[in-house]
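Coordinate analysis (summary)
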Amino acid sequence: MPSRGSQQGPDGVTVTFAGSGDAFGSGGRLQACIHMEPNGPVEPAPVLLDCGATSLPALRGCGLDPGPVAAVFVSHLHGDHFGGLPFLILDAQFAGRTAPLAVVGPPGTGQRLTEAMECMFPGSSRVRRRFAVEVTELRPGGPDAVVAGVRARAYPASHPSGAPALILRLALGGRVIVYTGDTAWTPAIAEAAAGADLLIAEAYYWDKAVPHHLRHADLAAHRYELTARRTVLTHMSADMLGHLDQARFETAHDGLVLRL
Ligand SMILES: [Zn+2]
Ligand SMILES: [Zn+2]
């Protein structure tokens with residue numbers, strides 16, 4: 001396939017849903033882990049969007065090496081979204097990584113990551129490593145952060161997780177990707193997704209009301225407000241997976257690759 005627009009700088013992103021599941025393995029799916037690799041003349045490093053506890057097997061199962069991942073963008077501090085970080089960091093340590101690893105998440109990310117590492121692997125947060133773990137905390141409505149070549153903006157999600165939960169709008173490789181994380185419907189979703197190339201939206205249940213989560217019914221009711229070019233559903237429970245053939249949007253599965 002000919003490459004596109006190589007004189008015009010960064011051009012395109014390959015998005016792989018390494019993990020497209022909920023917290024509980026519904027449908028045999030792995031927890032949230034979306035791998036994004038900008039394709040450009042300079043080939044910036046890949047980054048992750050969320051890093052659930054099962055992220056290492058999710059990535060390796062897709063043939064993706066976690067070693068070059070430059071940054072992890074975390075929507076919120078629930079285990080199925082950030083619980084893979086201790087494994088990712090220890091794996092990098094044992095693999096002799098030297099390049100810094102950036103972790104971008106909501107306020108409280110630094111402390112919660114230290115606590116998670118100490119809980120799961122005592123002493124691991126204090127060990128001397130050959131690479132730095134550089135935490136950037138993003139406030140909903142706060143200024144953009146530019147990390148690993150990605151411009152990140154956070155909008156407020158409605159999802160209690162011991163810290164503010166984020167809807168993330170990321171610009172990389174000349175594309176804009178918006179991710180709801182877990183959240184009840186909020187107008188911030190439409191605001192964040194305005195004009196994006198891809199909206200990755202939670203669709204936890206089909207139409208049953210559950211607190212703090214999005215349903216397919218919410219997205220369908222608000223579909224005319226969602227102006228992203230493409231919307232792909234993820235984080236689906238067994239209930240939602242039972243309605244895939246009726247979904248009004250594209251749906252993710254583990255291993256789905258999109259080229260934007
Ligand atoms: Zn959550
Ligand atoms: Zn979740």
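Each remark here, short or long, concerns the structure printed above.
1. Examining the overall build of the protein chain
A tally of regular secondary structure across the protein chain gives seven helices and 14 strands. Relative to the globule expectation of 18 Å for 260 residues, the C-alpha radius of gyration of the protein chain, 17 Å, shows essentially globular dimensions. Expressed along its principal axes, the backbone C-alpha trace of the protein chain runs to roughly 50 × 45 × 35 Å. Here the protein chain holds 260 residues, and 55% of them are scored as buried. Considering only contacts in the protein chain between residues 6 or more positions apart, those separated by 24 or more positions represent 64%. Surface summary for the protein chain: the accessible area is close to 11,000 Å², and the carbon and sulfur share equals 53%.

2. Here we look at the side chain of R215
With respect to the helices and strands, the residue R215 is situated in the loop between β11 (198-202) and α6 (216-221). Within polar-contact distance, the side chain of R215 engages the backbone oxygen of D207 at 2.7 Å. Those residues in contact with R215 that lie beyond four places of it in its chain are Y205, W206, D207, K208 and A209.

3. Re the sheet that holds strand β5 (residues 101-105)
Within a sheet, each strand pairs with its neighbour through backbone hydrogen bonds, oriented either parallel or antiparallel. Taken in spatial order, the seven strands of this open sheet run β6-β5-β4-β3-β2-β1-β14, and their pairing is mixed. Strands at the two margins of the open sheet, each flanked by one partner only, are β6 (133-137) and β14 (256-259). Going across the sheet, the axis of each strand differs from the next one's by a mean of 20°, ignoring polarity. Strand direction decides the pairing type here: strand β4 (residues 71-73) and β5, joined by three bridges, are parallel. Along β5, the bridge assignment pairs A71 with A102.

4. Notes on the nonpolar core
V15, F17, M36, L49, F73, L170 and I177 are the most contacted members of the largest nonpolar core, which totals 31 residues. When residues in this core are grouped by element, the largest group, four residues, is from strand β9 (residues 166-172). Discounting chain neighbours no more than four positions away, the residues touching M36 are V13, T14, V15, P46, V47, L49, L170, L172 and I177. A157, I189, W206 and L233 belong to the second largest nonpolar core, which has 27 residues in total.

5. Some remarks on the coordination of the zinc ion (ligand 2)
At 2.1 to 2.2 Å from the zinc ion (ligand 2) lie its protein donor atoms, namely D80 (OD), H81 (NE2), D182 (OD) and H235 (NE2). Binding-site remark: the zinc ion (ligand 2) is held by donors from one chain whose sequence spacing is D-H-x100-D-x52-H. The distance between the zinc ion (ligand 2) and the zinc ion (ligand 1) comes to 3.5 Å, with D182 serving as a donor to both metals. Judged on exposure class, the residue D80 and its partner H81 are both buried.

6. A few points about the pairing of strand β2 (residues 33-38)
Burial within β2 is extensive, with five of its six residues counted as buried. Pairing geometry for strand β1 (residues 13-19) and β2, over six bridges, is antiparallel. Residue pairing for β2: V15 is matched across the bridge by M36. Relative to strand β3 (residues 47-49), β2 is paired through three bridges, and the arrangement is antiparallel. Counterpart to M36 in the pairing with β3 is V47.

7. Quick word on the environment of T183
For T183, the location among the structural elements is in the loop between β10 (175-179) and α5 (187-193). Between the C-alpha atom of T183 and that of L214, which follows or precedes it by 31 residues, the distance is 5.8 Å. Sequence-distant contacts of T183, defined by excluding residues within four places in its chain, comprise A157, S158, H159, I189, E202, H212, H213 and L214.

8. Some points on the coordination of the zinc ion (ligand 1)
Coordination sphere of the zinc ion (ligand 1), protein contribution only: H76 (NE2), H78 (ND1), H159 (NE2) and D182 (OD), at 2.2 to 2.4 Å. For the zinc ion (ligand 1), the four donor atoms are set out with angles of 88 to 167° between them, so the coordination reads as irregular. The sequence pattern formed by the donor residues of the zinc ion (ligand 1) is H-x1-H-x80-H-x22-D. For H76, a relative accessible area of 0% corresponds to the buried category. Classification of H159 as buried rests on a relative accessible area of 6%.

9. A few points about the packing of aromatic side chains
Within this structure, the stated rule accounts for two aromatic pairs. Considering the side-chain rings of F87 and F121, the 5.7 Å spacing of their centres and the 90° angle between planes classify their relative orientation as edge-to-face. Of this pair, F87 sits in helix α3 (residues 85-94) while F121 sits in the loop between α4 (109-120) and β6; the two residues are 34 residues apart in sequence, bridging distant segments of the chain. Measuring from centroid to centroid gives 5.1 Å for Y204 and Y205, while their planes differ by 90°, and the two rings are edge-to-face.

Conventions and cut-offs
- Residues numbered from 1 in each chain as written.
- Chains lettered and ligands numbered in written order.
- Predicted model: local features only at pLDDT ≥ 70, side-chain atom pairs only at ≥ 80, totals over all residues.
- Heavy atoms only, no water.
- Helix = DSSP H or I, 4+ residues; strand = E, 2+ residues; numbered from the N terminus.
- Rg over C-alpha atoms; globule rule 2.2 N^0.38 Å.
- Buried < 20%, exposed > 50% of the residue type's maximum accessible area, 1.4 Å probe, protein only.
- Contact = heavy atoms within 4.5 Å.
- Areas by Shrake-Rupley, 256 points an atom, 1.4 Å probe, with all protein chains shown as cover.
- Polar contact = N/O pair within 3.5 Å; in protein donor to acceptor, adjacent residues only side chain to side chain.
- Pairing = 2+ DSSP bridges.
- Axes fitted to C-alpha atoms, helices over the stretch in contact; angles between N-to-C directions.
- Core = buried A, V, L, I, M, F, W, Y, C linked by side-chain atoms within 4.5 Å.
- Donors = N, O, S within 2.8 Å, 3.2 Å for Na, K, Ca; no water.
- Tetrahedral: all angles 85-135°; square planar, octahedral: opposite > 155°, others 65-115°.
- Phe/Tyr/Trp six-rings, centres within 6.5 Å; stacked < 30°, edge-to-face > 60°.

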